[in-house]
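Here is how the chains run, residue by residue.
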Amino acid sequence: MTAPAVPRIGYAPWGENLAELTAAGRAAEDAGADTLWASELHRSATVTAAALACATTTARIGTAVALAFVRSPMTCALETLDLDELSDGRAVLGLGTGVRRLNEDWHGVPFDHPAQRLRETVDCVRTFIARCADGDPFEAGGPLASLRVRGYRRPRPLRTRIPVHLAASGPLTCRLAGEIADGWIGHELGSPAHLRDTVLPSLHTGLGTAGRGPQDLEVVASVCVSVHPDPAEALRRAAGNVGFYASVRTYTPLFAAHGLAEPQRRVTEEFRRPGARADGLAAAVDPAMTRALTLCGTREQVAELLTGYAGSADSLKLTTPVHGLTAHEIRESQTHVIDLIRELRP
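The rules behind these values
Residues numbered from 1 in each chain as written. Predicted model: local features only at pLDDT ≥ 70, side-chain atom pairs only at ≥ 80, totals over all residues. Heavy atoms only, no water. Helix = DSSP H or I, 4+ residues; strand = E, 2+ residues; numbered from the N terminus. Expected span 1.5 Å × (residues − 1). Buried < 20%, exposed > 50% of the residue type's maximum accessible area, 1.4 Å probe, protein only. Contact = heavy atoms within 4.5 Å. Core = buried A, V, L, I, M, F, W, Y, C linked by side-chain atoms within 4.5 Å. Salt bridge = Lys/Arg side-chain N within 4 Å of Asp/Glu carboxyl O. Phe/Tyr/Trp six-rings, centres within 6.5 Å; stacked < 30°, edge-to-face > 60°. Lys NZ or Arg CZ within 6 Å of the ring centre and 35° of its normal. 1 Å grid on protein atoms, 1.4 Å probe; cavity = no way out; pocket = protein on both sides within 12 Å on 5 of 7 lines; lining within 4 Å. Points joined across faces, edges and corners; volume = space filled by probe spheres on them. Nonpolar A, V, L, I, M, F, W, Y, C, P; charged D, E, K, R; others polar. Pairing = 2+ DSSP bridges.

Before going further, it helps to spend a moment on helix α5 (residues 114-131). Over its 18 residues, α5 runs 25 Å from end to end, which matches the ideal 26 Å to within 8%, given 1.5 Å per residue. Restricting attention to buried positions, one finds in α5 the residues Ala-115, Arg-117, Leu-118, Glu-120, Thr-121, Val-122, Cys-124, Val-125, Arg-126, Thr-127, Phe-128 and Ile-129. Tucked inside the fold, the buried residues of α5 contact α3 (73-86), β5 (91-96), β6 (138-141), β7 (146-149), β8 (164-167) and α6 (171-180).

Right, dumping it as structure tokens:
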């Protein structure tokens, strides 16, 4: 198969345990993935990233994402410095706000003014990384997230500026990413058209506000890809991920932007039924939702669909479907995706 033109490819490996996850990371690196991304839902993003750093040698190691408000800014900075040291300077800190329910109910932390809190958190993290070896007092942040450090000195880090990428889906946080971040990370549900027509204008508005240009921001499009020799099976496996996010009100604008408000409403109604589980909503998902928001099909079909991101994204973060699937199904899907990465290697 002739490899079509696609942006650089990264991958978010999966494993039932860290040994399997890091083995998948090594396989993806060997296949040509330039970045390995660690998420924060079933595992800690920073611990998973550290395991990947120790198991690999060339790929960047990023969090996609670490939840910005569930750890203090100083802890976030310390974890980032440790990750950069473990990876020999390959770390990328990807931060996201998460959603209200996750922050307030699962983690017991405030979710007030998330965009401003995120701005102040990034200032704290960057300032700490830049100043932690000086031994001088320093302050950063604002009323929502702050640092006032005195009497502290850490050995000089490998880098005093580590890339900070922001995950964003709404216009306010997308503008913030364009204004202050080294990169933007998209949600794993989306489409090339949504990136081009909705996200990029907000990112460019933020870039213009800060007097920056497109070269100052890495655009990382996250893409849920479901690869299987049987296209119908690929579509079925991706439906659980769509259902999982359709149950969250925060993502209503994303579904509405794709003309899927009514199908999403039907999923949320199913989620309200007694005993319903967020990872068990695949049967309630209209196939049109899955086709619009994920890339499904054979390796050849998905490879062709990925070319839709050329010219809009600088790199891709591929993920495999996991919600509502057995470990065997996820494992098989992951093998197909890593094979796809190998075939797309320049």
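Between Ala-64 and Val-65 the backbone carries a cis peptide bond, its omega angle lying at -5 degrees. For Val-65, the position within the fold is in the loop between β3 (60-63) and β4 (66-67). Unusually for a residue other than glycine, His-113 sits at a positive phi of about 45 degrees. For His-113, the position within the fold is in the loop between α4 (100-107) and α5.

Counting residues in hydrophobic clusters, the biggest one holds 71 residues, and the most contacted among them are Leu-95, Leu-166, Trp-184, Leu-306 and Leu-318. Per-element tally for this core: the top contributor is α5, with 6 residues. Excluding anything up to four places from it in sequence, Leu-318 contacts Ile-9, Gly-10, Tyr-11, Ala-12, Val-223, Val-225, Leu-306, Val-337 and Ile-341.

Here the focus is the pattern of salt bridges. Pairing is possible between side chains of opposite charge, provided their charged atoms come close. Taken as a whole and assessed by the stated rule, the structure comprises 32 salt bridges. Taking the shortest distance from any N to any O, the salt bridge between Asp-197 and Arg-196 comes out at 3.3 Å. The class of Arg-196 is partly exposed, set by a relative accessible area of 42%. A salt bridge links Glu-262 to Arg-265, with the shortest nitrogen-to-oxygen separation between them at 2.3 Å. Residue Glu-262 and its partner Arg-265 are located together in helix α10 (residues 261-271), separated by 3 residues, close to a single helical turn. Within this structure, Glu-233, Arg-236, Arg-237, Glu-329 and Glu-332 form a network of salt bridges that share partners.

On the secondary structure map, Leu-318 appears in strand β12 (residues 315-319). Here the alpha-carbon distance between Leu-318 and Gly-135, two residues 183 residues apart in the chain, equals 41 Å.

Within a pair of aromatic rings, the relevant descriptors are the distance that separates the centres and the angle that separates the planes. Here the structure, examined in full by the defined rule, presents 5 aromatic pairs. Consider the rings of Phe-128 and Phe-138, whose centres lie 6.0 Å apart with planes at 70 degrees: the pair is edge-to-face. Residue Phe-128 is located in helix α5, and its partner Phe-138 is located in strand β6; the two are separated by 10 residues in the primary sequence. Each member of the pair, Phe-128 together with Phe-138, is buried. Taken together, the aromatic side chains of Phe-128, Phe-138 and Tyr-152 make up a single cluster linked through ring pairs. Arg-117 extends its terminal NZ or CZ atom over the ring of Phe-69, reaching a point 5.8 Å from the ring centre.

On to the layout of surface pockets. Its volume calculated, the second largest pocket comes out at about 310 Å³. Forming the walls of the second largest pocket are 14 residues, and the residues nearest its centre are Arg-101, Ser-247, Val-248, Arg-249 and Thr-250. Among the secondary structure elements, those contributing two or more residues to the lining of the second largest pocket are α4 and α10. Per-element accounting of the lining of the second largest pocket gives the leading share, 5 residues, to α10. Residue composition of the lining of the second largest pocket, grouped by class: 4 nonpolar, 5 polar and 5 charged.

Of the two faces of β7, only the one carrying Leu-147 and Val-149 is buried; Ser-146 and Arg-148 on the other face are not. Strand direction decides the pairing type here: β6 and β7, joined by 4 bridges, are antiparallel. Bridge pairing in β7 links Phe-138 to Val-149. What sits between β6 and β7 in their antiparallel hairpin is a turn of 4 residues.

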